[in-house]
Amino acid sequence: MLFVMKRFASVLVTSAFYAFAIAARADVKLPAIFGNHMVLQRATAVPVWGTAAPGEEVTVTIAGQTATAKAGADGKWSVKLAPLAAAGPHTLTVKGQNTVTFSDVLVGEVWLGSGQSNMAMQVSRAKNFEQEQSAAKLPQLRMFTEASPNSPTAQFTGKGEWVVCSPDTVGRFSATAYFFGREIHQALGVPVGLIHSSVGGTPIESWIAPETQQSAPELKAFFATQEKTARPVDPAQAKAKFEADLAKWQAAAKQAKADGKPAPKRPQDPTALAERKSNVGGLFNGKISPLIPYAIRGALWYQGEANTSAEKAPFYAAQLRLLVTDWRARWGYEFPFAWVQLPNFGAPPGRDWPTVREAMLKTLSLPNTGMAITIDLGEEKDIHPKNKQDVGRRLAAWALGTVYGQKVATSGPLPAGHQVRGGEVVLKFSHTDGGLRARDGELKGFVIAGEDKKWQPATARIEGETVIVTNPNVKSPVAVRYAWENWPTCNLYNGAGLPASPFRTDDWK
């Protein structure tokens with residue numbers, strides 16, 4: 001009898017467990033990008049999606065409209081809300097077997113910001129933080145930071161929450177995204193939502209879907225090169241060394257604290273570091289996939305430092321083009337896409353920043369793209385320049401002029417062709433906006449070469465919307481370069497005060 005009772009109790013517990021599991025599985029759930037304080041994109045169809053029990057009917061309601069869907073066999077469902085006008089706050093309700101309610105929902109402009117450490121760099125580390133903090137009373141400006149790690153497979157849910165901008169919260173916002181968002185918020189007078197998904201020290205190949213990269217013919221040589229240059233890590237040996245280094249650091253940090261001195265730099269786990277920097281598509285799977293297809297106006301990209309090595313830089317043009325086209329294809333529309341061209345920096349020997357800058361310049365051939373030129377905003381000894389205000393302003397100028405139709409200068413001068421005329425080279429430019437200017441004295445930053453491919457310092461002068469480049473020792477010039485160094489001295493601007501992009505007229509290796 002006791003056995004039967006125990007068996008019966010066991011069945012009850014098991015039945016209750018399965019009943020609970022089924023009920024939990026039946027609950028309507030949404031990805032983390034949907035939450036209180038979120039911002040939805042105005043004037044476009046708005047996808048809302050999630051999971052529920054297979055066959056369960058799900059109803060989504062906001063601002064007087066309702067959309068209904070039925071969960072498929074895999075439990076996934078999605079609806080598209082009709083375009084909404086900029087307004088709020090609204091309540092978004094999702095109802096199935098259970099009801100999920102999101103409050104303080106605004107409708108406005110939504111932008112995605114991604115990349116590596118200069119996109120991740122927070123407002124608290126930007127210049128004039130105290131001043132910026134006190135002025136950050138902007139409740140209609142919000143940011144969602146995607147907190148998921150990298151993943152070997154495409155993820156669906158993600159992690160993170162929407163945060164309302166205030167003096168107490170702004171320090172944790174991505175500085176580049178924040179200063180961009182603040183500019184368009186103030187110029188347009190509508191709510192702005194910023195989705196931030198970036199990781200410091202990561203290469204572009206981490207951010208492109210792995211299957212897209214592996215099937216791209218233009219990247220076969222890249223993967224072959226990576227295999228040759230890869231440095232294998234012995235996990236056991238690396239772990240032992242890391243633990244020993246960590247123990248030494250802990251002792252040193254404790255002593256430094258007792259002495260009132262700053263702690264030494266904490267050692268990094270080499271296995272985790274290798275995984276973060278060498279994975280192909282892992283960050284796309286973990287930190288971009290869960291955001292698709294959340295309605296966005298456009299995307300901003302600040303990355304490239306990790307791809308400036310000699311073996312990686314030549315492939316960046318193909319990779320950036322692939323990233324833009326693949327993200328657009330997965331979202332299902334050709335949204336505006338802009339990036340920050342790498343600034344001036346005193347990079348160590350072996351690093352090739354000019355080639356990556358050129359790749360960014362060439363990718364402007366894709367439609368509906370833009371670039372913030374920052375060759376004057378870098379710091380020679382700090383790869384994380386503090387002036388993110390001007391980075392954000394330049395991205396915002398592009399968006400306001402090209403996406404929102406305002407009459408503003410959208411770029412610094414870009415090369416628009418050249419002509420060899422006797423002993424001089426005549427360079428043409430677009431985006432001159434009030435005429436070309438040499439800031440602080442004579443025009444600097446140009447070199448010139450003949451057929452011998454030997455570069456000589458050049459004299460340059462402005463004539464209208466062209467620059468004339470010469471050197472008396474180069475009788476028959478064939479090529480010119482401008483600002484073609486990691487840390488160049490250059491001063492060509494347009495009438496709007498925006499710097500010219502580094503460029504070259506040759507294609508020599």
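None of the values given here were measured: they were computed from a predicted structure.

Thresholds applied
Residues numbered from 1 in each chain as written. Predicted model: local features only at pLDDT ≥ 70, side-chain atom pairs only at ≥ 80, totals over all residues. Heavy atoms only, no water. Core = buried A, V, L, I, M, F, W, Y, C linked by side-chain atoms within 4.5 Å. Buried < 20%, exposed > 50% of the residue type's maximum accessible area, 1.4 Å probe, protein only. Pairing = 2+ DSSP bridges. Helix = DSSP H or I, 4+ residues; strand = E, 2+ residues; numbered from the N terminus. Right-handed = clockwise from strand over helix to strand, strands pointing away. Contact = heavy atoms within 4.5 Å. Axes fitted to C-alpha atoms, helices over the stretch in contact; angles between N-to-C directions. Parallel < 35°, antiparallel > 145°, perpendicular 65-115°, else oblique. Left-handed = near helix turned anticlockwise from the far one by under 90°. Nonpolar A, V, L, I, M, F, W, Y, C, P; charged D, E, K, R; others polar. Phe/Tyr/Trp six-rings, centres within 6.5 Å; stacked < 30°, edge-to-face > 60°. Expected span 1.5 Å × (residues − 1). Polar contact = N/O pair within 3.5 Å; in protein donor to acceptor, adjacent residues only side chain to side chain. 1 Å grid on protein atoms, 1.4 Å probe; cavity = no way out; pocket = protein on both sides within 12 Å on 5 of 7 lines; lining within 4 Å. Points joined across faces, edges and corners; volume = space filled by probe spheres on them.

Examining the nonpolar core
And step 1. Within the largest apolar cluster, 96 residues are counted, with the highest numbers of intra-cluster contacts made by W77, I195, Y294, W301, W327, F446 and V467.
And step 2. Core analysis: the next-biggest nonpolar cluster, separate from the first, contains 34 residues, M119, V163, F180 and V391 among them.

As for the pairing of strand β6 (residues 87-95)
And step 1. Pairing analysis gives three bridges linking strand β3 (residues 57-62) to β6, with the strands arranged antiparallel. The residue of β6 that forms the bridge with T59 is K95.
And step 2. Inspection of the sheet shows β6 paired to strand β7 (residues 99-115) by six bridges, in the antiparallel sense. Bridging across to β7, K95 finds its partner in T99.

Observations concerning the pairing of strand β12 (residues 337-340)
And step 1. Alternating positions in β12 separate into two faces, F337 and W339 on one and A338 and V340 on the other, with burial throughout.
And step 2. Sheet analysis places strand β11 (residues 298-302) next to β12, joined by three bridges and oriented parallel. By the bridge assignment, A299 is partnered in β12 with F337.
And step 3. With respect to chirality, the unit in which β12 leads through helix α11 (residues 353-362) into the neighbouring parallel strand β13 (residues 369-372) is right-handed.

Here we look at the environment of G108
And step 1. Mapped onto the fold, G108 is located in strand β7.
And step 2. Accessibility expressed as a relative area gives 0% for G108, which makes it buried.
And step 3. Each C-alpha atom of the pair G108 and P413 lies 31 Å from the other, and the pair is 305 residues apart in sequence.
And step 4. Here G108 is in contact with V39, L40, Q41, R42, A86 and P191, once residues within four sequence places are set aside.

Some thoughts on the packing of helix α4 (residues 175-188) against helix α12 (residues 388-403)
And step 1. In the contact formed by α4 and α12, the axes pass within 7 Å of each other and the chain directions differ by 45°. Relative to α12, the element α4 is oriented oblique. For the pair α4 and α12, the crossing hand works out as right-handed. Counting all contacts with α4, which are made through A175, T176, F179, F180, E183, I184, A187 and L188, the residues of α12 involved are K388, Q389, V391, G392, R393, L395, A396, A399 and L400.
And step 2. Partitioning the contact of α4 with α12 into residue classes produces eleven nonpolar, three polar and three charged.

Side note on the packing of aromatic side chains
Any aromatic ring pair is given by two values, namely how distant the centres are and how the planes are angled relative to each other.
And step 1. Summed over all chains, the structure comprises 23 aromatic pairs.
And step 2. Where F337 meets W339, the ring centres are 6.3 Å apart and the plane angle is 50°; that geometry is what we call tilted. Like F337, the residue W339 is buried in the burial classification.
And step 3. Taken together, a centroid distance of 5.3 Å and an interplanar angle of 45° make the contact between W455 and W508 tilted. Of this pair, W455 sits in the loop between β17 (446-449) and β18 (456-457) while W508 sits in the segment after β23 (503-504), and the two are 53 residues apart along the sequence.
And step 4. The class of W508 is buried, set by a relative accessible area of 18%.
And step 5. Each member of the aromatic cluster is reached from another via a ring pair, and the members are W207, W301, W327, W331, Y333, F335, F337 and W339.

Quick notes on the sheet that holds strand β15 (residues 424-430)
And step 1. Reading across the sheet, the four strands line up as β14-β15-β20-β19 and stay open at both edges, with antiparallel pairing between neighbours. Edge positions in the sheet fall to β14 (414-421) and β19 (459-463), since each of these pairs with one other strand and no more. Along the sheet, successive strands turn relative to each other by an average axial angle of 25°, direction set aside.
And step 2. Judged from the five bridges that link them, β19 and strand β20 (residues 466-470) form a sheet pairing that is antiparallel. Within β20, the position partnered with E463 by the bridge is T466.

Some words on unusual backbone geometry
And step 1. Cis rather than trans, the peptide bond between G88 and P89 has omega equal to 5°.
And step 2. Turning to its location among the elements, P89 is positioned in strand β6.
And step 3. Backbone torsion omega between I292 and P293 reads 10°, so that peptide bond is classified as cis.
And step 4. Counting through the fold element by element, P293 comes out in the loop between α9 (282-288) and β11.
And step 5. Look at N128: it is not a glycine, yet its phi comes out positive at around 55°.

Looking at α12
And step 1. Taking 1.5 Å per residue as the helical rise, α12 with its 16 residues ought to reach 22 Å, and the 21 Å between its terminal C-alpha atoms agrees with that figure.
And step 2. With twelve of 16 residues buried, α12 is to be regarded as a mostly interior element.
And step 3. The N-capping residue of α12, defined by a side-chain oxygen 3.4 Å from the backbone nitrogen of Q389, is N387.
And step 4. Immediately downstream of α12, the backbone of G405 shows phi near 75°, a positive value.

A word on empty space enclosed by the protein
And step 1. Counted by the stated rule, this structure contains one cavity of 30 Å³ or more.
And step 2. Put simply, the largest cavity is a space of about 30 Å³.
And step 3. Forming the walls of the largest cavity are Y302, P343, T374, L377, P385, N387, K388 and V391.
And step 4. Tallied by class, residues from the lining of the largest cavity come to five nonpolar, two polar and one charged.

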